[in-house]
Amino acid sequence: MTNTTDWKAKINPLVLGIQPSGIRRFFDLVAEMKGVISLGVGEPDFVTPWHIREACMYSLEKGYTMYTSNHGLLELREAIARNIAAACGVAYNPRHEILITVGVSEGLDLAVRTILCPGDEVLIPEPSYVSYAPVTIMAGAKPVFLKTSAENGFRINAAMVEKAITPKTKALILCNPNNPTGATLDRKHLLEIAEVVRAHDLIFISDEIYGRLTYVGEHTCVPSLPGMRDRTILLDGFSKAYAMTGWRVGYAAGAQDFIAAMTKIHQYTMLCAPVTAQAAALEALRNGESGMKKMVDQYNRRRRLVIKAFHEMGLPCGEPRGAFYAFPDIRSTGLSSEDFAQQLLQEEKVAVVPGNAFGEQGEGFVRCSYSASINDLTEAFKRMNSFVRRRARKGQVLTFSPGKSGIKKEDICQTM
Amino acid sequence: MLLKGGITVSGNRCKRKEILEIIENDARLNAEQIAAMLDMAEDEVVRIIKEMEEEKIIAGYFTVINWDKVGEEKGSAIIEVKITPQRDLGFDAVAMRICRFPEVKTVRLMSGAYDLVVYIEGQTMREVAAFVTQKLAPLEHVLSTATHFVLKTYKLQGTLVEEDGEEDRRLMITP
Ligand SMILES: Cc1ncc(COP(=O)(O)O)c(C=O)c1O
């Protein structure tokens, strides 16, 4: 007993104040059930292509088991530089402008810690990836949310950014395509946003981990926009496009001074990314392009299946244009995101992630990942369909007994 | 007109290819699912599949079965066959004769040390052996055969048939 109290007093209040991820809570619930089809997984359902795994084994046989330079294997940085140049026409010097990180996760943390001082403000779209706000808070800074909604297609715009800027604003973190909504920002919108970022001398932290998973239109790489290369920290990695989440390897690219500063933190906290993962990443870039494109084709086919399924269910769902998530509007069921997810799980054994896990603006929505097999998707949507229909009927009954209708926020918290 | 026609044909070819890519890995998907996956009308998918069946682009639908697991004895072998090509007909006439036997599952013309590779399946090894000695080897124009019995199958039609060990290992919920 005394122990617990002692520890609470000793934990950094910043850390103490961070709420455990909403996803985590839901995970515990799902973990206890059997026969669940999960559309709650934020990673590819493909296993890493065999040639990549095989190259990694070969690297082990050859004795690649040591630290690499802090920056990562030069060969890998060179391959990344070539890849970025080919994909977005931006040149980075592999010696000074690219840092291999332990996934985009580490790159994000480094970028934020490198630039933020206590009191700084960071603009973060909402809903968006769960890590942005916590890493900002842990760096002593303050997240300022750019609230997007279904009405604007979950897209931020230049006016929103402009309006949120104060003298304390230091940076904008943007994930394009977006997790959890699948929304993408086209070149025109990005240009307008970039202009505001430049005008106010902000830094653009651009998480482009889903860039290759763009199905409608073309992905625009932020540093490729005029005047943006040197004020952008580009974060990307191998987790999603090459189905390599468990390898933990990614990279940051940016101006030499940025990267040098990030490398200072990296060298004392991480030393280097795992060499086996770096060897695998090198193989992915050398020979993985066609296999990656095949996976992208498959996501795209499933994506269309998903759009149709929600349409048939009568749940409004903006067209997901990137990543592998759909973000349907479940408000017509009269349920909160968490109740929807929880009841769907209990009644139909289908797991989705409540939208509010990605910020308040996600309330009323759920995230469905379509990185699942066609069979699983088909079965999951069949189950979800009957769930939604039952709810629709119930909703009608409820309107006749007003005492029971309307879900209060308090109820939701108690059930979780 | 010409240009327009050209575009339609290539558009059609593209759709054909996409449909084939989908059913190559799962022939059980129905037209409705395929239509949704490709953003096409269902009856268009039905029509294109029918066309391809008629043109023998789609030559059949099969199930990948690991007979070893059924516990029934089965014998199969790969046979290298050397043949004398015939004037005007080349290898085709002999190959077609071999194809007609129902035990013969696959026949291919090969470059290199022999001409045809014939894959046959019978109830038992003995049956397979009997087929080679009594039916295949004595055929006119067949010069020689070399039979290799199959001991174990690991991968079939791009599918690992043994414990593949690559089931979904992901956590149920991740960010
Ligand atoms: C938007 C976004 N950024 C970053 C990450 C983490 O990527 P990594 O595996 O490279 O650390 C994820 C993973 O879900 C993500 O969705």
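Residues numbered from 1 in each chain as written. Chains lettered and ligands numbered in written order. Predicted model: local features only at pLDDT ≥ 70, side-chain atom pairs only at ≥ 80, totals over all residues. Heavy atoms only, no water.

### A closer look at the site of the ligand
Residues and elements named next belong to chain A.
Move 1: For the ligand, the set of nearby residues contains 15 residues, the closest of which are V104, S105, D207, S239 and K240.
Move 2: A distance of 2.8 Å separates an oxygen atom of the ligand from a polar atom in the side chain of N179.
Move 3: At 2.7 Å, a side-chain N or O of R248 approaches an oxygen atom of the ligand.
Move 4: Here the shell around the ligand is composed, by residue class, of seven nonpolar, five polar and three charged. (Near = heavy atom within 4 Å. Polar contact = N/O pair within 3.5 Å; in protein donor to acceptor, adjacent residues only side chain to side chain. Nonpolar A, V, L, I, M, F, W, Y, C, P; charged D, E, K, R; others polar.)

### Brief notes about the confidence of the model for chain A
Move 1: Chain-level pLDDT for chain A is 92 on average; 94% of the residues reach the 70-or-more range.
Move 2: Contacts for the low-pLDDT stretch residues 397–416 of chain A, under 50 throughout, to residues beyond four places or in other chains number 16 contacts. (pLDDT = per-residue confidence, 0-100. Contact = heavy atoms within 4.5 Å.)

### Focus on the sheet that holds strand β1 (residues 75–83) of chain B
Residue and element names in this part refer to chain B.
Move 1: Here four strands make up an open sheet; going across it, the order is β2-β3-β1-β4 and the pairing antiparallel. Every other strand in the sheet has two partners, leaving β2 (104–109) and β4 (142–149) as the edge strands with one partner each. Between one strand axis and the next, the sheet turns through 20 degrees on average, direction left out of account.
Move 2: Two strands pair when backbone bridges link them, and β1 and strand β3 (residues 116–122) are joined in this way by seven bridges, in the antiparallel orientation. The partner of I78 across the bridge, within β3, is Y119.
Move 3: Where helix α5 (residues 92–99) meets the sheet, its contacts fall on β1, β2, β3 and β4, and the angle it forms with β2 comes to roughly 165 degrees. (Pairing = 2+ DSSP bridges. Helix = DSSP H or I, 4+ residues; strand = E, 2+ residues; numbered from the N terminus. Axes fitted to C-alpha atoms, helices over the stretch in contact; angles between N-to-C directions.)

### Re the packing of aromatic side chains
All names here are of chain A.
Move 1: For the structure shown, the criterion picks out 14 aromatic pairs over all chains.
Move 2: Each ring, one from Y210 and one from F324, has its centre 5.6 Å from the other, and the planes form 85 degrees; the classification is edge-to-face. Highlighted residues: Y210 in the loop between β6 (203–207) and β7 (232–237) and F324 in the loop between α12 (289–313) and β9 (325–326), separated in sequence by 114 residues. No difference in accessibility class separates Y210 from F324, as the two residues are buried.
Move 3: Ring geometry for F340 and F387: centres 5.2 Å apart, planes at 90 degrees, overall edge-to-face. You can see F340 sitting in helix α13 (residues 337–348) and its partner F387 sitting in helix α14 (residues 374–398), a full 47 residues away along the chain. (Phe/Tyr/Trp six-rings, centres within 6.5 Å; stacked < 30°, edge-to-face > 60°. Buried < 20%, exposed > 50% of the residue type's maximum accessible area, 1.4 Å probe, protein only.)

### Details of the pattern of salt bridges
Residue and element names in this part refer to chain A.
Move 1: Counted according to the given criterion, the structure contains 34 salt bridges over all chains.
Move 2: Between E75 and R286 there is a salt bridge whose closest N-O contact spans 2.7 Å. Separated by 211 residues along the polypeptide, E75 in helix α5 (residues 74–88) and R286 in helix α11 (residues 275–287) bring together distant segments of the chain.
Move 3: Look at E75 and you get partly exposed, because its relative accessible area is 44%.
Move 4: The residue D201 makes a salt bridge to R231 at a minimum N-O spacing of 3.1 Å. Of this pair, D201 sits in the loop between α9 (187–199) and β6 while R231 is found in the loop between β6 and β7, placing the two residues 30 residues apart along the sequence. (Salt bridge = Lys/Arg side-chain N within 4 Å of Asp/Glu carboxyl O.)

### Some thoughts on the side chain of N176 of chain A
Residue and element names in this part refer to chain A.
Move 1: You can see N176 is positioned in the loop between β5 (169–175) and α9.
Move 2: A polar contact of 2.9 Å, which involves the side chain of N176, links it to the backbone nitrogen of L185.
Move 3: Other than its neighbours up to four places away in sequence, N176 contacts A183, T184, L185, L190, D207, E208, G211, H219 and T220.

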